[in-house]
Amino acid sequence: MEKNRLVKAISAAIVAITLPCASNAHEQGDWVVRVGLAAVTPDESSSTISTTATGPLPGTEASVDNDTQLGLNIVYMWSDNIGIELLAASPFEHDIQAKGLDQYLAVGSSIDLGSTKHLPPTLSAQYYFGNKNSQIRPYVGIGINYTTFFGEDLSSDAEAALAADNLKLDDSVGLATQAGVDWILDDQWLLNASVWHMDIDTEASFDSALGEVNVDVDIDPWAYMISIGYTF
């Protein structure tokens, strides 16, 4: 008997989720603003580190760590199923490490080079599945990411061990893909979960006792966001 009640309860919940809701979800002409936490997790790879004095240093590479900030995206519904989204966020800050330099210098196997901030505004076209009365609206999107780096700061370890100075990272333009889902709560409010993959490539350089140091880094991060949205 209890098992039958449980099965009926689960079935009722599934039906409630999949049936159209009484309020409109997204329809042509709507604006949707979502705010929440956004995490950037680099899936990086890099060239070997190179200096003016030595050329490439085999066995070396650069890496970048994760960060979480406040995320914001704004969507204009071009039609009931097509949206145009601008993704923004408060500045992300990432620590940068150099690995493998212990083969050439009296430093540890990994040295903290410093940090940089970046903003990754992304403009995407999206396709929303379902219709304007659906309670759950999955979507996919594709667009262009522009990442600008600023606030580069070398660590005291890099300055002491490498006589490092003048860290710089080049800006990047690349493809971005995304997927997400809106859960409509009522005519105005919704919950959202979304993920992006961004093609972000940069060249990092700084001056040192061995001349200019260069390394190409493919950051290519995954970005995840959980947010609450408002439609108007």
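Above: the structure in question.
Residues numbered from 1 in each chain as written. Predicted model: local features only at pLDDT ≥ 70, side-chain atom pairs only at ≥ 80, totals over all residues. Heavy atoms only, no water.

A. The arrangement of the packing of aromatic side chains in detail. Scanning the model with the defined rule gives 5 aromatic pairs in all. Plain terms: the ring middles of W189 and Y230 are 4.9 Å apart, the flat faces sit at 65° to each other, and that makes the pair edge-to-face. Remark: Y230 occurs in strand β17 (residues 222-231) and W189 occurs in strand β14 (residues 189-198); sequence separation between them is 41 residues. We classify Y230 as partly exposed; its relative accessible area is 33%. (Phe/Tyr/Trp six-rings, centres within 6.5 Å; stacked < 30°, edge-to-face > 60°. Helix = DSSP H or I, 4+ residues; strand = E, 2+ residues; numbered from the N terminus. Buried < 20%, exposed > 50% of the residue type's maximum accessible area, 1.4 Å probe, protein only.)

B. Broad picture of a negative patch on the surface. There is a patch of like negative charges on the surface, built from E93, D95, D112, D153, D157, E159, D165, D207 and E212. When contributions to the negative patch are tallied by element, the ones reaching two or more residues are β8 (92-99) and α2 (156-162). Along the chain, D157 turns up in helix α2. Judged by relative accessible area, D157 falls into the partly exposed class, the value being 46%. (Patch = residues over 30% accessible without salt bridge, like charges linked within 9 Å, V, L, I, M, F, W, Y side chains within 5 Å. Areas by Shrake-Rupley, 256 points an atom, 1.4 Å probe, with all protein chains shown as cover. Salt bridge = Lys/Arg side-chain N within 4 Å of Asp/Glu carboxyl O. Lys, Arg positive; Asp, Glu negative; His and termini not counted. Charge placed at Lys NZ, Arg CZ, Asp CG, Glu CD.)

Purely geometric numbers; function is a separate question.
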